[in-house]
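# Survey of secondary and tertiary structure
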Amino acid sequence: MSDTCVHKFDVPDPAAYAERIDGDAESEGWILTPDEPGVKAADADRDVEYVWTCPHPKLGDGVKTCVFHTQSAQQRSDVDVAQRFADRLDAASEHETPEQRRRHLQFIDATFTDFDLRGAVIGGDLREYIDFRHATIRNLDWRRAEVTQRVKFAQTTFELDEPYPSGDEYDFDDHPSVGFKQTDFRYDVDLRGATFDAPVRFHDAHFERWLGFKYSECTEPVDFQMAQFDGLMTIVGRTFDAKIRANATTFENYVEADGATFHAPVIFDTARFHDDVSAEDAAFLDGARFVEATFDRSLRLTDATLEGKFRLSNLDVGRTLDARVADFDGELLITDGRVHHCRVAPTGGTGLVSLQDTTVEEGAFDQPTEGTVTYDFAFGTLGAVTLSTPDDTDPNGRCRFLRTTFDGFDFNDADDLELSDTAFEIYELSPDAREHLHGDDSDHDPSDLWATYLYAKNTATRVGDNAAAAEFFKREMRHRAAAHADRAKNADQFTDWFPARSRYVRNRLLGVLAGYGEEPFTVVLWSFVVILLFVVPFSVLLGVPTDLTTFGLYLAISFQSFVTFLLGSAPGGPSVPTQLVGAFEGLLGAFLIALFVFTLTRRIRR
């Protein structure tokens, strides 16, 4: 009579896996297949084609199953589950062939209660996996353990006796959790398809090789804080129902989160990613936070869904931030950071993309085909960046520039940004775009707007866009006048009020007379106005004209006085008052002529 455990496990149909993962499960390498050790054809009375049989010895005392498939036995004081587990690992290493070792490292469909291996060395120097597929592990505690062998937790369920309290807290220290804190995994860890019905803590854990979370599900919080990942990490297709925290975590290798779904906030503050991070087709349904995170290479969010606040503050991206997201409904905050190449192109949605205080060296920012997105570039730096919108969308009023530095940005080559349609206004937003800023679009200090157009003018001048440079300069001067007026209004002493007020008057005078040196035709108009106005004092001094001939004479006198410092030929000889009026008009004429020459020269040089 055999001393082997009689437990049998019905091998699931691969189609069941395929339905769960929406793909080809047999190619995944983590499901039971007929060609594996311990799998054989099922008896005719079973509803499945294949079953797996347990290789471990019976518990004895009339019990026909092993300790790992006899949950009641694990409650006995004379049964040390951890020791028996270690004994079975040692026994597996004595077998000669890889297939035999694989067979005796199988703990498939096992049940572990109070699986405490704290501080232990788990495994040996074998290449085969310790196989926990389809097992149920309750109250696991592997804290500070050293796992020296590959481990397969695929399709494993992790549970706790004590339920986790609902709420937003992350106080794992005051509540039990699946304990992998400070665990050192020397080789691969396969958690594909696993289910965590309890909080799991990988705090300060070390993964020296690959970690696979593909298609697993977490119903409670997950903690990776201060963990170290030396190998590839995959969480493709995984579902997180509760928060995930990975503050100060280091990822040395590629991170793949394609198709993952995060129903709760994701927090990766101060995390460091040394390789590419891919979250293509992922869904962040309650926001995410990467404050002071560093991406040495790229972060890809292609076709992802972003809802809530997705915060990337104090970010440093060495290569590319690709946010060509499929659905956007919330806020993408890329603030106080540096990105080499940034591409934001929502397919649809409405919300805010803020790049305040962020330097973008190159990239593109697009409006969605359905909906509108507000781009806030306040206090940032834009390099070779383009802005584009669909053909039926008004591009203006969707971008806010406030004290934005332009380092390579070309207003004339910014694709769909039509500045001429808004008289070169780059600060004002449309009403719906302003709503996205949540009140952060209030009246700013005139000095901020003055600096905004100063930076824009300098950029337009540098790239040779003369029309834009002229319009930006005029707006710069108008806001500079407003700044002088504001200082005069708030001045407490005359010595502060007078300089500010005089600067305001001089500024406005230059704007009225010559369009701040950009409108020579305005000077010509004012010249004719002065000539016509001076006909009045000449009429008072020389007699009111009674016919057109006399009026024409006075007009000629005014014209001659305007272009020279000498009075024109006055009837009856010039009197002293008449000479003074003529000299004054000559002074104004010289000023306006000089102003015209200056304005015309400036215009030609542009």
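An account of the accompanying structure is given in this report. (Residues numbered from 1 in each chain as written. Predicted model: local features only at pLDDT ≥ 70, side-chain atom pairs only at ≥ 80, totals over all residues. Heavy atoms only, no water.)

### So, the pattern of salt bridges
Note the threshold: Think of a salt bridge as a Lys or Arg side-chain nitrogen and an Asp or Glu carboxyl oxygen that are within 4 Å of each other. Under the DSSP-based scheme used, a helix requires at least four consecutive residues in state H or I and a strand at least two consecutive residues in state E, with every element numbered from the N terminus. Residue exposure (1.4 Å probe, protein chains only): buried if accessible area is under 20% of the type maximum, exposed if over 50%, otherwise partly exposed.
Counted by the stated rule, this structure contains 34 salt bridges. We note a salt bridge from R201 to D223, for which the minimum N-O separation is 3.2 Å. Residue R201 is found in strand β15 (residues 200–201), and its partner D223 is found in strand β19 (residues 222–223); the two are separated by 22 residues along the sequence. Residue classification places R201 among the buried residues on the basis of a relative accessible area of 9%. Between D276 and R297 there is a salt bridge; the shortest N-O distance is 3.3 Å. Here the residue D276 occupies a position in the loop between β28 (272–273) and β29 (277–278), and R297 occupies one in the loop between β32 (294–295) and β33 (299–300), the gap between them amounting to 21 residues. Residue R297 is classed as partly exposed on the basis of its relative accessible area, which comes to 26%. One network of salt bridges, in which partners are shared, links E36, R102, D131 and R133.

### Observations concerning the packing of helix α9 (residues 535–542) against helix α10 (residues 548–563)
For clarity, the cut-off: For helices, the axis comes from a line fit to the C-alpha atoms of the stretch in contact; other axes are also lines fit to C-alpha atoms, and the angle between any two N-to-C directions lies between 0 and 180 degrees. Comment on the angle field: the value is read as roughly parallel under 35 degrees, roughly antiparallel over 145, roughly perpendicular from 65 to 115, and oblique elsewhere. The handedness criterion is simple: a crossing whose near helix is rotated anticlockwise from the far helix by less than a right angle is left-handed, and one whose near helix is rotated clockwise is right-handed. For this analysis, residues touch if any pair of their heavy atoms sits within 4.5 Å. Only Asp, Glu, Lys and Arg are considered charged, only Ala, Val, Leu, Ile, Met, Phe, Trp, Tyr, Cys and Pro nonpolar, and every remaining residue, Gly among them, polar.
Contact pair α9 / α10: the axes reach a minimum separation of 9 Å and the direction vectors enclose 120 degrees. Relative to α10, the element α9 is oriented oblique. The handedness of the crossing between α9 and α10 comes out as right-handed. Side by side, α9 and α10 meet where V535, F538, S539 and L542 of the first sit next to F551, Y554, L555, I557, S558 and S561 of the second. Partitioned by chemical class, the residues of the contact of α9 with α10 number seven nonpolar, three polar and no charged.

### Observations concerning the side chain of T335
For T335, the position within the fold is in the loop between β36 (327–333) and β37 (338–344). Those residues in contact with T335 that lie beyond four places of it in its chain are L312, S313, N314, L315, S354, Q356 and T358.

### Quick word on the sheet that holds strand β2 (residues 39–41)
Rule in force here: By this definition, two strands are paired if DSSP reports at least two bridges between them.
An order of β1-β3-β2 is seen for the three strands of this open sheet, with the pairing classed as antiparallel. Both outer strands of the open sheet, β1 (8–10) and β2, are each paired with one neighbouring strand and no more. Across the sheet, the axes of successive neighbouring strands diverge by a mean angle of 35 degrees, strand direction being ignored.

### Notes on helix α2 (residues 81–93)
We count it as follows: Working rule for helices: expected span equals 1.5 Å times residues minus one.
With 13 residues, α2 extends 19 Å between its outermost C-alpha atoms, agreeing within 8% with the 18 Å of an ideal straight helix rising 1.5 Å per residue. Listed in full, the buried residues belonging to α2 are V81, A82, F85, R88, L89, A91 and A92. Buried residues along α2 sit against α3 (98–104), β4 (111–113), β5 (121–122) and β6 (130–131).

### What to know about the nonpolar core
Just so we agree on the cut-off: Throughout, nonpolar core names a set of buried Ala, Val, Leu, Ile, Met, Phe, Trp, Tyr and Cys residues whose side chains join them through atoms within 4.5 Å.
By size, the foremost hydrophobic cluster in this structure holds 124 residues, and its most contacted members are F85, F132 and W142. The biggest single contributor to this core is α2, with five residues. In terms of nonpolar packing, the next biggest core, distinct from the first, is built from 14 residues, V530, F534, Y554 and F562 among them.

### Notes on the packing of aromatic side chains
Rule in force here: By convention, a stacked pair of Phe, Tyr or Trp rings (six-membered ring in the case of Trp) has centres within 6.5 Å and planes under 30 degrees apart, an edge-to-face pair has planes over 60 apart, and any other such pair is tilted. Here, a charge over a ring means that NZ of Lys or CZ of Arg falls within 6 Å of the ring centre while also lying within 35 degrees of the ring normal.
Evaluation of the coordinates by the stated rule reveals 54 aromatic pairs. Centre to centre, the rings of F115 and F132 are 6.2 Å apart; their planes meet at 65 degrees, and the pair counts as edge-to-face. Placement of F115 in the loop between β4 and β5 and of F132 in the loop between β6 and β7 (136–138) is noted, with a sequence separation of 17 residues between them. Across the pair, exposure class does not vary: F115 and F132 are buried alike. Relative to F584, the ring of F534 has its centre 6.1 Å away and its plane inclined at 45 degrees; by these criteria the two rings are tilted. Remark: F584 occurs in helix α11 (residues 576–605) and F534 occurs in the loop between α8 (520–533) and α9; sequence separation between them is 50 residues. In this structure F534 comes out as buried when scored by relative accessible area, which is 10%. For F584, a relative accessible area of 46% gives the class partly exposed. The lysine or arginine in question, K152, covers the ring of Y129, its NZ or CZ lying 4.2 Å from the ring centre.

### Points about the pairing of β37
Sheet topology note: the strand β35 (residues 316–323)/β37 ladder contains six bridges and is parallel. If you follow T320 over to β37, its bridge partner there is H341.

### With respect to a nonpolar patch on the surface
Here is the rule we go by: Here, patches come from residues exposed beyond 30% relative accessible area and free of salt bridges, joined within 9 Å for like charges and within 5 Å for nonpolar side chains (Val, Leu, Ile, Met, Phe, Trp, Tyr). Only the protein chains shown count as covering a residue, and every accessible area follows the Shrake-Rupley method with a 1.4 Å probe.
On the surface, a nonpolar cluster with roughly 440 Å² of combined accessible area is contributed by F528, F559, V563, I593 and V597. Checked against the element boundaries, F559 lands in helix α10.

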